[in-house]
Amino acid sequence: MASGPPDSIRYKRSRFSTRLPAERLYTGSHFWIAFQGPDLWRVGFTKFATRMLGELVEYGFEVKSGDPVHVGQVIGWIEGFKALSDLYCVVEGHFQGGNPDVENNIALIHTDPYGKGWLYLVKGTPEANSVDVRGYVEILDRTIDKIQGQH
């Protein structure tokens, strides 16, 4: 069973559906950001991002724990059967490391993206353009409309 907070928003559009944790921030690049403690943020892919990547094969980080990072910086890479993608930082501050559970089982990113499948931790400040769950619903609507050629 996937772990995750009980307070979530159900989203369904076209052939895509998910439950979005309500207490998180989201980015236009389909990452979620969850507060973990003073200035500490956990970052992961949204279910939409994992669907676009397809089954994941491998990933890695180009930064080490303690390294300074900035929003938009490429900090690693992830490879799926559908795509190879850079991993971008969405928090300004200092990288605190990747998820050790994902290092042992990359499938967690796809099977439990809002729980055990988180990607990395950063001590700092989330990107200024991050939005709440309602704002992310609007981003999803626009993205799906664009994919379907409606805009």
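Residues numbered from 1 in each chain as written. Predicted model: local features only at pLDDT ≥ 70, side-chain atom pairs only at ≥ 80, totals over all residues. Heavy atoms only, no water.

Draft legend 1. Representation of the pattern of salt bridges. Scanning the entire structure with this criterion turns up 3 salt bridges. Note that Asp141 is salt-bridged to Arg13, the shortest N-O span being 2.8 Å. With Asp141 in helix α4 (residues 133-147) and Arg13 in strand β1 (residues 8-13), the pair connects residues that are 128 residues apart, well separated along the chain. Exposure remark for Arg13: the relative accessible area of 23% places this residue in the partly exposed category. Residues joined in a network through salt bridges with shared partners are Arg13, Asp141 and Asp145. (Salt bridge = Lys/Arg side-chain N within 4 Å of Asp/Glu carboxyl O. Helix = DSSP H or I, 4+ residues; strand = E, 2+ residues; numbered from the N terminus. Buried < 20%, exposed > 50% of the residue type's maximum accessible area, 1.4 Å probe, protein only.)

Draft legend 2. How the structure looks around the packing of aromatic side chains. Summed over all chains, the structure comprises 9 aromatic pairs. Between Phe16 and Phe48, the aromatic rings sit 5.4 Å apart at their centres with planes inclined by 85°, giving edge-to-face as the arrangement. In this pair, Phe16 is assigned in strand β2 (residues 16-21) and Phe48 in helix α1 (residues 47-53), connecting sequence segments 32 residues apart. Summarising the burial analysis for this pair, Phe16 and Phe48 share the class buried. A ring pair is formed by Phe35 and Trp41, whose centres lie 5.3 Å apart and whose planes are at 70°; its orientation type is edge-to-face. A relative accessible area of 14% places Trp41 in the buried class. One Lys or Arg, Arg24, reaches over the ring of Trp32 and ends 4.2 Å from the middle of that ring. (Phe/Tyr/Trp six-rings, centres within 6.5 Å; stacked < 30°, edge-to-face > 60°. Lys NZ or Arg CZ within 6 Å of the ring centre and 35° of its normal.)

Draft legend 3. Just α4, in detail. The terminal C-alpha atoms of α4 lie 21 Å apart, and with 15 residues this matches the ideal 21 Å at 1.5 Å per residue to within 8%. Those residues of α4 lying buried are Val133, Gly135, Tyr136, Val137, Ile139, Leu140, Thr143, Ile144 and Asp145. Contacts from the buried residues of α4 go to β1, β2, β3 (25-26) and α1. Gly149 occupies a position one or two residues after α4 and carries a positive phi of about 75°. (Expected span 1.5 Å × (residues − 1). Contact = heavy atoms within 4.5 Å.)

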